[in-house]
Amino acid sequence: IASCLVGSEMCIRDRSCIEAEGNVIKYTFWYHNISTSQPLYNLKIQAASDFVINWGDGSSNSYLAEDYDELTVCSHTWTKATPATGNNWHEYTVQITGKILYLYLDKPETSKTTDFYYAAIDVEKGTELRRIYMNTTRLKDNSISLVNCNKLLSFEMINNIDTKGLSSFIYP
């Protein structure tokens, strides 16, 4: 019986990790200049499970759900990335894996970056995602698909800097 219980506990514990890995959110941003010596505080998250952020610059961090049971800042100091467009543009794609309830993408402080835009958001499996907030967007393809966000209650996008506007918005 003891060996069965140990196996069951392992199965239950590992199952939550596997389920958390199935919830994947990616967002891409562009910038002209960004401070490589000071952290940015533009990402805030509320989570229902431990989660991992792959920052897109070769680094990743793990976070405990108990520290993010309310909307809380996830800061990161960026390094130079692949140029996006123009001589000084750079691009990052950040991937968040875990049961995220609230994703808050704000514009960074102007002293730490110039010409900053969120260029894309892709919610592959956001089964627990309830709220998304994006400030200062310039969407690459002018469309947003949140079809995998079955529990989404609120989506707010302000300061869209594209002259074409949003051509497509798909939600559950």
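Here the structure is a predicted model, which is why all the values come from computation and not from measurement. (Residues numbered from 1 in each chain as written. Predicted model: local features only at pLDDT ≥ 70, side-chain atom pairs only at ≥ 80, totals over all residues. Heavy atoms only, no water.)

Trainee: So what exactly am I meant to see when it comes to a nonpolar patch on the surface here?
Mentor: Residues Leu166, Phe169 and Tyr171 make up a contiguous nonpolar surface patch of roughly 290 Å² in combined accessible area. Its place among the elements puts Phe169 in strand S14 (residues 168–170). Relative accessible area serves as the criterion here: at 33%, Phe169 is assigned to the partly exposed category. (Patch = residues over 30% accessible without salt bridge, like charges linked within 9 Å, V, L, I, M, F, W, Y side chains within 5 Å. Areas by Shrake-Rupley, 256 points an atom, 1.4 Å probe, with all protein chains shown as cover. Salt bridge = Lys/Arg side-chain N within 4 Å of Asp/Glu carboxyl O. Helix = DSSP H or I, 4+ residues; strand = E, 2+ residues; numbered from the N terminus. Buried < 20%, exposed > 50% of the residue type's maximum accessible area, 1.4 Å probe, protein only.)

Trainee: Sorry, what's going on with the pattern of salt bridges here?
Mentor: Two side chains bearing opposite charge may form a pair once their charged atoms approach each other closely. For the structure on display, the rule yields 3 salt bridges. Here Glu124 and Lys26 are joined by a salt bridge, their closest N and O atoms 3.1 Å apart. Residue Glu124 is located in the loop between strand S10 (117–123) and strand S11 (131–137), and its partner Lys26 is located in strand S1 (residues 24–31); the two are separated by 98 residues in the primary sequence. Measuring nitrogen to oxygen at the nearest pair gives 3.4 Å for the salt bridge that ties Glu128 to Lys151. Here the residue Glu128 occupies a position in the loop between S10 and S11, and Lys151 occupies one in the loop between strand S12 (143–145) and strand S13 (154–160), the gap between them amounting to 23 residues. Accessibility expressed as a relative area gives 17% for Glu128, which makes it buried. Bridged by salt links that share partners, the residues Glu128, Arg130 and Lys151 form one connected network.

Trainee: Can you help me understand the confidence of the model for the protein in this one?
Mentor: As a general rule, the predicted coordinates of low-pLDDT regions are not to be interpreted in detail. Confidence in the prediction of the protein, expressed as mean pLDDT, is 77, and 72% of residues score 70 or more. In the predicted structure, residues 1–21 sits below a pLDDT of 50 and forms 6 contacts with residues beyond four places in sequence or in another chain. (pLDDT = per-residue confidence, 0-100. Contact = heavy atoms within 4.5 Å.)

Trainee: How should I be thinking about the nonpolar core in this particular structure?
Mentor: A general tendency of soluble globular proteins is for nonpolar side chains to be buried together. Leu43, Ile45, Phe51, Ile53 and Ile96 are the most contacted members of the largest nonpolar core, which has 33 residues in total. Within the residue set of this core, elements represented by two or more residues are S1, strand S3 (40–47), strand S4 (51–54), strand S7 (90–97), strand S8 (100–105), S10 and S11. With residues up to four places along the chain from it excluded, the contact list for Ile45 reads Phe51, Ile53, Tyr68, Glu70, Leu71, Thr72, Cys74, Ile96, Ile100, Tyr102 and Leu103. (Core = buried A, V, L, I, M, F, W, Y, C linked by side-chain atoms within 4.5 Å.)

Trainee: Any chance you could explain the packing of aromatic side chains here in plain terms?
Mentor: The description of an aromatic ring pair rests on the distance of the ring centres and on the angle between the ring planes. This structure, assessed with the given rule, holds 8 aromatic pairs. Note on Phe51 and Tyr68: the rings are 5.2 Å apart at their centroids and 80 degrees apart in plane angle, and the pair reads as edge-to-face. With Phe51 in strand S4 and Tyr68 in the loop between strand S5 (60–63) and strand S6 (72–76), this residue pair connects regions lying 17 residues apart in the sequence. The residues Phe51 and Tyr68 share a single accessibility class, namely buried. Judged by centre distance (4.3 Å) and plane angle (10 degrees), the ring pair of Tyr104 and Tyr133 falls under stacked. One end of the pair, Tyr104, is in strand S8; the other, Tyr133, is in strand S11, and 29 residues separate them in sequence. As far as burial versus exposure is concerned, Tyr104 and Tyr133 are alike and both buried. (Phe/Tyr/Trp six-rings, centres within 6.5 Å; stacked < 30°, edge-to-face > 60°.)

Trainee: Would you explain unusual backbone geometry in this entry?
Mentor: With the exception of glycine, the majority of residues adopt a negative phi angle, and the majority of peptide bonds are in the trans configuration. The backbone phi angle of Thr136 is positive, close to 75 degrees, even though this residue is not glycine. With respect to the helices and strands, Thr136 occurs in strand S11.

Trainee: In this structure, what is going on with empty space enclosed by the protein? I would like to understand it.
Mentor: Here the idea is plain: a probe the size of a water molecule rolls over the atoms and shows the empty space left. Throughout the structure, instances matching the rule amount to 1 cavity of 30 Å³ or more. Estimated volume of the largest cavity: approximately 40 Å³. Residue lining of the largest cavity: Asn23, Val24, Ile25, Gly98, Lys99, Ile100, Lys125, Gly126, Thr127, Glu128 and Leu129, and that is the complete set. (1 Å grid on protein atoms, 1.4 Å probe; cavity = no way out; pocket = protein on both sides within 12 Å on 5 of 7 lines; lining within 4 Å. Points joined across faces, edges and corners; volume = space filled by probe spheres on them.)

Trainee: Help me understand the side chain of His76 in this model?
Mentor: Tracing the sequence through the fold places His76 in strand S6. At a separation of 2.9 Å, a polar atom in the side chain of His76 contacts the side chain of Asp57. Apart from the residues lying within four places of it in its own chain, the contact partners of His76 are Gln38, Pro39, Leu40, Trp55, Asp57, Ser59 and Asn61. (Polar contact = N/O pair within 3.5 Å; in protein donor to acceptor, adjacent residues only side chain to side chain.)

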